[in-house]
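# Structural overview
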Amino acid sequence: MCGITGFLGTSSSGSAVVADRMASALYHRGPDDSGVWVDEPAGVALAHRRLSILDLSPAGHQPMVSPSGRYVIVFNGEIYNHLELREALPEGKWRGHSDTETLLAAFECWGVEASLKKSVGMFAIALWDRESRTLTLGRDRLGEKPLYYGWQNGVLLFGSELKALRAHPAFQGVINRDALTLFLRHNYVPVPYSIYRGINKLPPGTFLQLNASAALASSSGIHPVSYWSAREVAEIGQANLFPGSDNEACEALEAVLGQSIRGQMLADVPLGAFLSGGIDSSTVVALMQAQSKRPVKTYTIGFNEAGYNEAEHAHAVARHLGTEHTELYVKPAEAQAVIPLLPGLYDEPFADSSQIPTYLVSRLAREHVTVSLSGDGGDELFGGYNRYFWAQNIWRRLGWLPQSLRAAVAGVLTTLPPTTWNSVFRKFERMLPANLRYANPGDKLHKLAEILAVRNPEEIYWGLVSHWKQPTQIVKDGTEPPTVLTDASQWANVPDLTHRMMFLDTVSYLPDDILTKVDRAAMGVSLETRVPLLDHRVLEFAWTLPLTMKLRDGQSKWLLRQVLYRHVPQEMIERPKMGFGIPLDVWLRGPLRNWAEELLNASSLETSGYFRASLIREKWDEHLSGRRNWSYYLWDVLMFEAWRRQWH
């Protein structure tokens, strides 16, 4: 795990100094080593910061030049099957045992596209071909590792984070108001956009190739090429369903998960895992422990606030599996102390408030290990989000009603604030069926109210994944550009609404929110994270499963649970889905109120020129009164304003 950066299109005797400055901005991603390679006549520079994981010797130093001298690479990530790739490559004299060297040899032998298809792992790469004077940028299939690129003043800049691009003198840094509207809707800026004009994110599963002359010209006509398609995987999988029994499917899933976890436990440094006590992380840790001769090191954090604490569940699972468990109960002041760090950590506006506990658990783990496995991805692959039940059920039960009547129902639901609804549900919780026992049900009822007056079930999903429903009304001079969520031609042709939602989450929410959150939080403390559920072989198997093996009898992630129950008692896991959050609504009315008030000051918002302050102040006043919980909407604005003040 490292940081990569560089540029193409300028020839200067100071190129090495500029490239080194760009790499220094990524020090946190790789504090162990650094390197710069420059070809001044070609106008190209590659720079690298290294977090040593495999082959800690100088043989793993980057930028790395191939034995023939033709290729130069900077690489961020891990290739888990690199030893198998070595066996398939022609015999040669290896300098070390790093996966970077393996990948470089593969490119020389098989070419870029074939090598990427053979590789199992997470990665962002920049490869310079000295013979054809061609630069290749590539990103892993699911988007675990970030890669920004774009033309600024005639120079192609690229890097793992925007802060590296900012260090180049050609960087312009003009905020993209259209991307800002997307940010308010989703709490992140989705692929392919970034918060800056002219800077894009390379989509997952693609690579981009351009030569020096093209880089000096313009970006027109240069598009990423797909080497792996989540859409094709979903369509092929659902057209060729797993033919076996429930038990055979359970055996097959455990086998492919075990294969993934074995590969991801390979490291030359201490390794552990995040453990929340939920289904996904518990499954990963259980299979890790089954393959380990020593107790796996596991980490969790807890909160004392009711409804937000999973630490006690994680402790029970750790005790049952026999892991070496470390937990930290976080006081509100400790969590709030992270907030000033967020604009620097996330580098562009990002407003998933679970970024705070994610950073804290990463910092805790980094005190003991350099690599940590996580359970991310289980919700998207096996049907874990409540919205997969909600959208189908809401439309089946209420879709036949006129829109006006559904709007009236929404009005009734919002007459009581979320805290009152929470009290009502707690009072009658024992009388409710298990599938209606939610953590913080009041928030969910208010979210339901927001999406009742829709025209079709797809709009229910759109509403459930949206924060500000009309962001162009909030952002001055902003229009909302298209994304995969608004372009039905990019959707997978799968037979049911639930699988369509799972596909859309896999290509949007997963890379742009979940994986971004984990990457920046962990790399902010120089911790490598690995996500075994997102091994593409696991995902490809998951798409062959019928929906009844994912959602059954009102229960999510049914098949994944069956694998887990082989290692952990069922009663230890069964409980309402909680998520990994903080009591944001309470904090904004309490200890964070003064901080938020200063950022949401009407005069300040108007002066900055990006927002229509009156609409934001309306939400803020309602939130402070307790009539509504607008914490997620407000957090979007707060995170943008905090980011803007730090970087602009």
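This text goes with the structure placed above it.
The text that follows walks through the structure, step by step, so that each part is easy to find. Owing to the predicted nature of the structure, the values given are computational and were not obtained by experimental measurement. The residue numbers shown here count from 1 along each chain, following its written sequence. Local features are withheld for residues below a pLDDT of 70 in this predicted model, meaning they are given only at 70 or higher, and side-chain atom pairs are given and counted only at 80 or more; totals for whole chains, interfaces and linings count all residues. The side-chain quantities take in all heavy atoms of the structure and omit both hydrogens and water.

### Regarding the overall build of the chain
Rules: The numbering of helices and of strands both runs from the N terminus, where a helix is a DSSP run of H or I of at least 4 residues and a strand a run of E of at least 2. Relative accessibility under 20% of the residue-type maximum defines a buried residue, over 50% an exposed one, and the middle range a partly exposed one, all with a 1.4 Å probe and only protein chains included. By definition, residues are in contact when any of their heavy atoms lie within 4.5 Å. Residues counted as positive are Lys and Arg, residues counted as negative are Asp and Glu, and His and the chain ends are not counted. Lys charges are placed at NZ, Arg charges at CZ, Asp charges at CG and Glu charges at CD.
For the chain, the helix and strand inventory stands at 29 helices and 17 strands. Considered along the principal axes of its C-alpha atoms, the chain spans approximately 70 × 60 × 45 Å. By the burial criterion, 61% of the 648 residues in the chain qualify as buried. At a minimum sequence separation of 6, the contacts of the chain that also span at least 24 residues come to 74%. Here the chain holds 64 positive side-chain charges and 69 negative ones, and the gap between their average locations is 4 Å.

### Brief notes about the packing of aromatic side chains
Here is the rule we go by: Stacked, edge-to-face and tilted labels apply to pairs of Phe, Tyr and Trp rings (six-membered ring for Trp) whose centres lie within 6.5 Å, assigned for plane angles under 30 degrees, over 60, and everything in between, in that order. Two limits define a charge over a ring: the Lys NZ or Arg CZ must be within 6 Å of the ring centre, and within 35 degrees of the ring normal.
Applying the stated rule across the entire model yields 13 aromatic pairs. Each ring, one from Y385 and one from Y509, has its centre 5.7 Å from the other, and the planes form 80°; the classification is edge-to-face. Pair noted here: Y385 is in the loop between α15 (378-382) and α16 (386-398) and Y509 is in helix α22 (residues 497-523), with a separation of 124 residues, a long-range link. The interplanar angle of 80° and the centroid separation of 4.8 Å between the aromatic rings of W630 and Y633 together place this pair among those described as edge-to-face. With respect to class, W630 is no different from Y633; both count as buried. One aromatic cluster in this structure is built from F171, Y196, Y610, F611, F640 and W643. Above the face of the Y509 ring, R387 is positioned so that its terminal group lies 5.2 Å from the ring centre.

### Here's the deal with helix α28 (residues 613-625)
Counting along an α-helix, one turn takes 3.6 residues, and residues three or four places apart therefore face a common direction. Our working definition: The span you would expect from a helix comes to 1.5 Å times its residue count less one. Note that the arc is defined by the directions from the helix axis to the C-beta atoms.
When the terminal C-alpha atoms of α28 are compared, their 18 Å separation across 13 residues agrees well with the 18 Å that a helix rising 1.5 Å per residue should span. Three or more residues of α28 are buried, namely A613, I616, R617, K619, W620, H623 and L624. Buried residues in α28, looked at end-on, bunch into an arc of 160°, giving them a common side. Where α28 is buried, its residues touch α21 (471-474), α25 (584-589), α26 (593-599), α27 (602-608) and α29 (631-647). Immediately downstream of α28, the backbone of G626 shows phi near 85°, a positive value.

### A word on the side chain of R139
How we decide: Here, a salt bridge means any Lys or Arg side-chain nitrogen found within 4 Å of an Asp or Glu carboxyl oxygen. N or O atoms closer than or at 3.5 Å make up a polar contact, with two conditions inside protein: a donor-capable atom paired with an acceptor-capable one, and, for residues adjacent in sequence, both atoms drawn from side chains.
You can see R139 is positioned in strand β7 (residues 134-139). Of the side chains bearing the opposite charge, D140 lies closest to the buried R139, which forms no salt bridge; the N-O distance is 5.4 Å. At a separation of 3.2 Å, a polar atom in the side chain of R139 contacts the main-chain carbonyl oxygen of G143. Contact partners of R139, with chain neighbours within four places excluded, come to F123, K145, P146, L147, V191, L202, P203, P204, G205, T206 and Y227.

### A look at the environment of D505
Its location among the elements puts D505 in helix α22. By relative accessible area, which is 0% here, D505 ends up buried. Between the C-alpha atom of D505 and that of F382, which follows or precedes it by 123 residues, the distance is 12 Å. The contacts of D505, once residues within four sequence positions are left out, are E380, Y385, R387, Y388, Y461, V465, L510 and P511.

### Observations concerning the sheet that holds strand β1 (residues 2-8)
As a reminder, the rule being used: Note: two strands are recorded as paired if DSSP finds a minimum of 2 bridges between them. Lines fitted to the C-alpha atoms define the axes, with helices restricted to the stretch that makes contact. Angles between their N-to-C directions range from 0 to 180 degrees.
The six strands lie next to each other as β2-β3-β1-β9-β8-β10, forming an open sheet whose pairing is antiparallel. Among the strands making up the open sheet, the edge pair consists of β2 (33-39) and β10 (199-201). Between one strand axis and the next, the sheet turns through 10° on average, direction left out of account. Examined bridge by bridge, β1 and strand β9 (residues 155-159) share four bridges and lie antiparallel to one another. Paired with F7 across the bridge in β9 is L157. Taken strand by strand, helix α1 (residues 15-24) contacts β1, β2, β3 (44-50) and β9, and its axis lies near 145° from that of β1.

### Details of the pattern of salt bridges
Tallied over the full model, the rule gives 33 salt bridges. In this structure, the salt-bridge partner of E131 is R70, at a minimum N-O distance of 3.7 Å. Pair noted here: E131 is in the loop between β6 (121-129) and β7 and R70 is in the loop between β4 (64-65) and β5 (71-79), with a separation of 61 residues, a long-range link. Judged by its relative accessible area of 60%, E131 falls in the exposed class. Salt-bridge contacts for R566 lead to E251; the nearest nitrogen and oxygen are separated by 3.2 Å.

### A few points about the sheet that holds strand β13 (residues 271-274)
Reading across from one edge, β15-β14-β13-β16-β17 is the order of the five strands in this open sheet, with parallel pairing throughout. Strands at the two margins of the open sheet, each flanked by one partner only, are β15 (324-330) and β17 (528-530). Here the strands of the sheet are splayed against their neighbours by 30° on average, with no regard to which way each runs. Pairing geometry for β13 and strand β14 (residues 297-303), over three bridges, is parallel. Pairing of A273 across the sheet is with T298, part of β14. Its contacts with the sheet put helix α10 (residues 279-290) on β13, β14 and β16 (371-373), and the angle it makes with β13 is roughly 150°.

### Some thoughts on the packing of α16 against α22
Heads up, the rule is: Any angle that falls under 35 degrees is termed roughly parallel, while one over 145 is termed roughly antiparallel, one within 65 to 115 roughly perpendicular, and all others oblique. Note on convention: near helix rotated counterclockwise from far helix by under a right angle means a left-handed crossing. Clockwise means right-handed. All amino acids are sorted into three groups, where Ala, Val, Leu, Ile, Met, Phe, Trp, Tyr, Cys and Pro are nonpolar, Asp, Glu, Lys and Arg are charged, and the leftover types, Gly among them, are polar.
Axis separation between α16 and α22 bottoms out at 10 Å; the angle between their running directions is 140°. Between α16 and α22, the angle falls in the class oblique. Crossing hand, α16 versus α22: right-handed. From α16, R387, Y388, A391 and Q392 reach across to α22, where they touch L497, T498, M501, M502, D505 and Y509. Classifying every residue of the contact of α16 with α22 gives six nonpolar, two polar and two charged.

These figures capture arrangement, not role.
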